[in-house]
Each structure stands twice: as C-alpha cells, then as structure tokens.
Amino acid sequence: MRESLWKSVLQLRQNSPLVHNITNYVVMNNTANALLAAGASPIMAHAHAEIEEMVSICGATVINIGTLDEYWIESMYKAAAKAQQLGKPWVLDPVGAGASNLRNTTVAQLLKYKPTVIRGNASEIMALANAGGQTKGVDSTHQSVEAVASAKWFNENTGAVVCISGATDVIVSANQKILIDNGDVMMTKVTGLGCIATALIGAFVASEPDNATEATAAAMALLGIAGEIAVQKAEGPGSLQMHLLDKLYNITEDEFNTYLKVTIEND
Ligand SMILES: Nc1ncnc2c1ncn2[C@@H]1O[C@H](COP(=O)(O)OP(=O)(O)OP(=O)(O)O)[C@@H](O)[C@H]1O
Ligand SMILES: Cc1ncsc1CCO
Ligand SMILES: [Mg+2]
C-alpha cells in the first residue's frame, strides 16, 4: 500500500484528469487551485443546460452541498443521474448534513444515484446514516472513529467507499478499513480543507477509476501529509493555506513516504 499510494500521486500528475465540480461558493477558488496544484484539471459548472455534457467529458464529478439553493440542487440531481447512467465515478461531500432539513432531503435524494465515494467529517457521516449525529454547522462535533459503524452501514447498503475525515482519516470499504494519521489540527482553522479532500478524491478516482478505495486513500494521504509539512512553515491559517497549495504541487517521494502514517485493518 505504501508504494502504491505514491504511485497514485505520480499517476495523477501524469493523467491530469478533468474533474467536474459542483461545489460551494466558499471554497470554489481554493478547490480549483488545489486540484491544479496536485496535477488535475478542474472545471466548476452548474448550469442546467451544460451539466450533462460536463459529466460526459470529465473523468469524475464532485458534488458538494455546502451552499445549497433550489437551482443548484437541480444541477446536482442532473449531474448525479448522468454519472450513474454513464457509469462514471462521482463523489459526494454532504457538507453540514444533519444541520437542516434541506440538506438532509437533498443528500437522501443524491444517495439514490449511488455515489462512488462519500467523504465527510464524523458528524456528517453519522447524520447521513441517521445515527443520531448532531452537526454543528459545517464543523464536526465527533471523532472519526465514532462514525465507523455508520460508514460501514453505508458501504454495505450502497456499495460506496466512505471516508470519515478528522484527526485520523478512516476509509471504509468492503471488509477493510484504512486509517491515515496525517494532518495537523491547524487544518481545522482553514475553511474548506474537507471540501478540498473530496475534490482530490474526485481527481484520484478519475485517474484510477478501477480502485476507488486506493484512490481515496491516496487523496487523503496527500492532503494530510502536505498539510503537516505546510504547518511547519506556517505562522497561522493564512500562510498555512498558501504553503499547503505549494506542497500539493511540489511534494517529493521522499517527503511523502517519510511522513505517511497508514494502517490497514481487515475485518
Ligand atoms: N484534529 C486534527 N488533527 C490532524 N489533522 C486534522 C484534524 N482535523 C482535520 N485534520 C485534517 O484536515 C483534513 C480535513 O478534514 P476535516 O474533517 O476537518 O474536514 P471538514 O470538517 O469537512 O472541513 P470543511 O467543512 O471545512 O471543508 C483531514 O483529512 C485531516 O488531514
Ligand atoms: C463555511 C461553509 N459554509 C458552507 S460551505 C462552507 C465551507 C466549508 O465546508
Ligand atoms: Mg466538510
């Protein structure tokens, strides 16, 4: 697994997949920049008239419900339906699931189109599975391990790979858990790093569509390690953002493998 994760990073740079994003106003620019830095090619698009073409030409679609409204919800349904119809990978970020009825009903509908990967923080994943999760806005009030049962339920019932982000990122797939212990607590003081994690999953899954579990692990490892290294130069959240973008771009094999903390647990 250690060697294959770095290979995935190199492959992403080489393949430079087109990644379609319907994401929120808060993170749109940062997300596009993070995708470019890691080697992917982003396009943000939500107009009904072009959404199906976008899904068709891209390697993967990322749907993030961060700043919902009625028009965008329709865009999301159209995109997810098209991805399912074409058998293209698509990734769901249920931002703030549990915080409002609108978010809950929207994700419930989106789940019917069978996302390839779901990535959220522990509160969001628990809310999604209706496991009594209380979401405090967009930030988690739970540890990632608390959401493992919910993630397993989702994996078994929908087939989606489920990633719970947090101090430890937990990737749940059939009969396996991958734990990634990279990252730094300062990353919670920059908005949208979870959204970037999801977009990176979209890029990796577009680059290697036959292995969504490994693609997800590679994305989370890359973000966590880049964040951890960036924190060493950062004076606070502002410069962390800048250094993180640089590190997504210039991380070396040596850095990646020195920092990587990955554990695999087979059920
Ligand atoms: N307590 C922590 N310690 C170390 N790293 C962390 C911690 N919390 C988050 N991270 C890092 O930040 C990444 C983003 O995860 P997080 O769970 O904060 O996303 P999120 O809550 O969805 O964020 P947002 O909604 O702002 O996009 C994680 O994958 C991990 O690398
Ligand atoms: C702060 C915020 N509000 C809606 S989306 C978003 C970005 C982090 O999820
Ligand atoms: Mg989030």
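As a reminder, the structure under discussion sits directly above these lines.
Bear in mind the structure is a predicted one, so any value in this text is a computation, not a measurement.

Asker: Could you give an account of the environment of aspartate 246, naming the residues involved and the relevant values?
Answerer: Summarising the element assignment, aspartate 246 is placed in helix α10 (residues 237-250). The exposure class of aspartate 246 is partly exposed, given its relative accessible area of 40%. Taking the C-alpha atoms as reference points, aspartate 246 and asparagine 257, separated by 11 residues in sequence, lie 18 Å from one another.

Asker: Go over helix α1 (residues 2-15) with me, naming the residues and quoting the values.
Answerer: Here α1 is 14 residues long and its end C-alpha atoms lie 20 Å apart, about the 20 Å a rise of 1.5 Å per residue gives. Within α1 the residues assigned to the buried category are Leu5, Trp6, Ser8, Val9 and Leu12. The buried side chains of α1 occupy one side of the element, clustering within an arc of 145° when seen end-on. In this structure, α1 carries Glu3, Lys7 and Gln14 as exposed residues pointing more than 90 degrees from its buried face. Against the buried residues of α1 lie α2 (28-38), α8 (193-207), α9 (212-233) and α11 (253-259). With its phi angle positive at about 40°, serine 16 sits one or two positions after the end of α1.

Asker: Describe the environment of valine 145, naming the residues involved and giving the relevant values.
Answerer: Along the polypeptide, valine 145 turns up in the loop between α6 (122-128) and α7 (148-158). Take valine 145: its relative accessible area is 54%, and that puts it in the exposed class. Residues valine 145 and asparagine 175 lie 30 residues apart in sequence; the distance between their C-alpha atoms is 16 Å.

The rules behind these values
Residues numbered from 1 in each chain as written. Chains lettered and ligands numbered in written order. Predicted model: local features only at pLDDT ≥ 70, side-chain atom pairs only at ≥ 80, totals over all residues. Heavy atoms only, no water. Helix = DSSP H or I, 4+ residues; strand = E, 2+ residues; numbered from the N terminus. Buried < 20%, exposed > 50% of the residue type's maximum accessible area, 1.4 Å probe, protein only. Expected span 1.5 Å × (residues − 1). Arc of directions from axis to C-beta. Contact = heavy atoms within 4.5 Å.

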